[in-house]
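Structure at a glance
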Amino acid sequence: MSASNAKRRIPWDSLAVFPFVLFAVMFLFLPTLSLLGAAFTDGAGNFTYENIAGLFTDQIMAAYWISIRVSGASAILGALIGLAITLAIIRGKLPAGFRSAVMTFSGVASNFAGVPLAFAFIASIGRIGLVTIILRDVFGFDLYRAGFSLFSFWGLTLTYLYFQIPLMMLTIAPAIDGLKKEWNEAAQTLGASPWQFWRYVGLPILWPSFLGTLSLLFANAFGAIATAWALTGSNLNIVTVLLYNQIRGDALQNPGLGAALAVGMILITSFANVIYLVVAARAERWMK
């Protein structure tokens, strides 16, 4: 192909990404700029720092801390459990068709959230849920008398695991596939045990991908609102529920403070996503 033909094709190639750029501008950059403007504006439209200062009150700081704890707990547990399951599926001696079935289910489960997920857990392990009744009547174990509550920190964390574990499996699977069989064979030739292979070869190679996916899971849980709102309402003071109350609530309505809350969430999730992008780029070097 001549140089002139290549030059004529460049604009057409560039137009292929135009829908994505347009989507990002309309639904990411412009709303973010709007939130920034609203965060520094009072009810009369005047510039103010009051909304930003309101983020440092005890109630809001506590909401951020609870959200970080829930997101961190669900991300760590989801990453560890998802890694173990994915290793068993890909590196274990399970039937070939089993992986396809599990990964297909993971693709569905990772996107199943919101009110339907909250209702499913209430119907399963709520106070009169099916699993709760079976444990109580058949096995004599009262889940709620033992101290568990679905509408608490650990209840919300458990609910988040439903979509965190499948997301971990989908994200970490390519990295596990990238572990070449030659590396394992070379380690065995040198007399290394399976534990030594994973200790000195497998896990160090997977570590960047694991850390990046952990950051992604944290950001995924931190921004969830529908599941938390439907499950706990105002019982658990997480930042997404507080944000909803500030924007849409009746008694607590303060759009400026709500915008400031959203800006704080954007900063935290952006930091988590930057970690993911950095470590993911490092992990790609091992996959080539």
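Calculation criteria
Throughout, residues of each chain are indexed from 1 in the direction in which the sequence is written. The predicted origin of the model limits local features to residues at a pLDDT of at least 70 and limits the giving and counting of side-chain atom pairs to 80 or more, whereas totals for whole chains, interfaces and linings rest on all residues. Computation of side-chain values covers all heavy atoms of the structure but excludes hydrogens and water. Counting from the N terminus, the helices are the DSSP runs of H or I reaching at least four residues and the strands are the DSSP runs of E reaching at least two. Take the residue count of a helix, subtract one, and multiply by 1.5 Å to get its expected span. Here the bend at a residue is taken as the angle between two axes, fitted respectively to the seven residues that end there and the seven that start there. To define axes, lines are fitted to C-alpha atoms, for helices over the stretch in contact only, and angles between the resulting N-to-C directions are given on a 0 to 180 degree scale. Orientation labels follow simple angle bins: below 35 degrees gives roughly parallel, above 145 gives roughly antiparallel, 65 to 115 gives roughly perpendicular, and whatever is left gives oblique. For this analysis, residues touch if any pair of their heavy atoms sits within 4.5 Å. A carboxyl oxygen of Asp or Glu within 4 Å of a side-chain nitrogen of Lys or Arg is what we treat as a salt bridge. Only protein chains enter the accessibility calculation, which uses a 1.4 Å probe; a residue whose area is less than 20% of its type maximum is buried, one above 50% is exposed, and one in between is partly exposed.

Describing helix α2 (residues 18–39)
Compared with an ideal rise of 1.5 Å per residue, which puts 22 residues at 32 Å, α2 spans 30 Å between its outermost C-alpha atoms and is within 8% of the ideal. The sharpest bend along α2 comes to roughly 40°, located at V25.

Things to note about the packing of helix α4 (residues 58–90) against helix α5 (residues 96–109)
The axes of two packed helices give the description: the angle between them and the distance between them. At a minimum axis separation of 9 Å, α4 and α5 run at an interaxial angle of 150°. As summarised for this structure, α4 and α5 are arranged roughly antiparallel, according to the angle between their axes. Contacts from T86, I89 and I90 of α4 reach α5 at F98, R99, V102 and M103.

Some remarks on the pattern of salt bridges
Under the defined criterion, the tally for this structure stands at three salt bridges. With its nearest N and O atoms 3.0 Å apart, the salt bridge here joins D137 to R136. Since its relative accessible area comes to 53%, D137 is described here as exposed. Residue classification places R136 among the partly exposed residues on the basis of a relative accessible area of 39%. D142 is the partner of R145 in a salt bridge, and the nearest nitrogen-oxygen pair spans 3.8 Å.

As for the environment of Y162
By the secondary structure assignment, Y162 is in helix α8 (residues 153–177). When the C-alpha atoms of Y162 and F112 are compared, they prove to be 8.2 Å apart, with 50 residues separating the residues in sequence. Every residue in contact with Y162, bar those within four places of it in the chain, is listed here: F105, A109, F112, L117 and F121.

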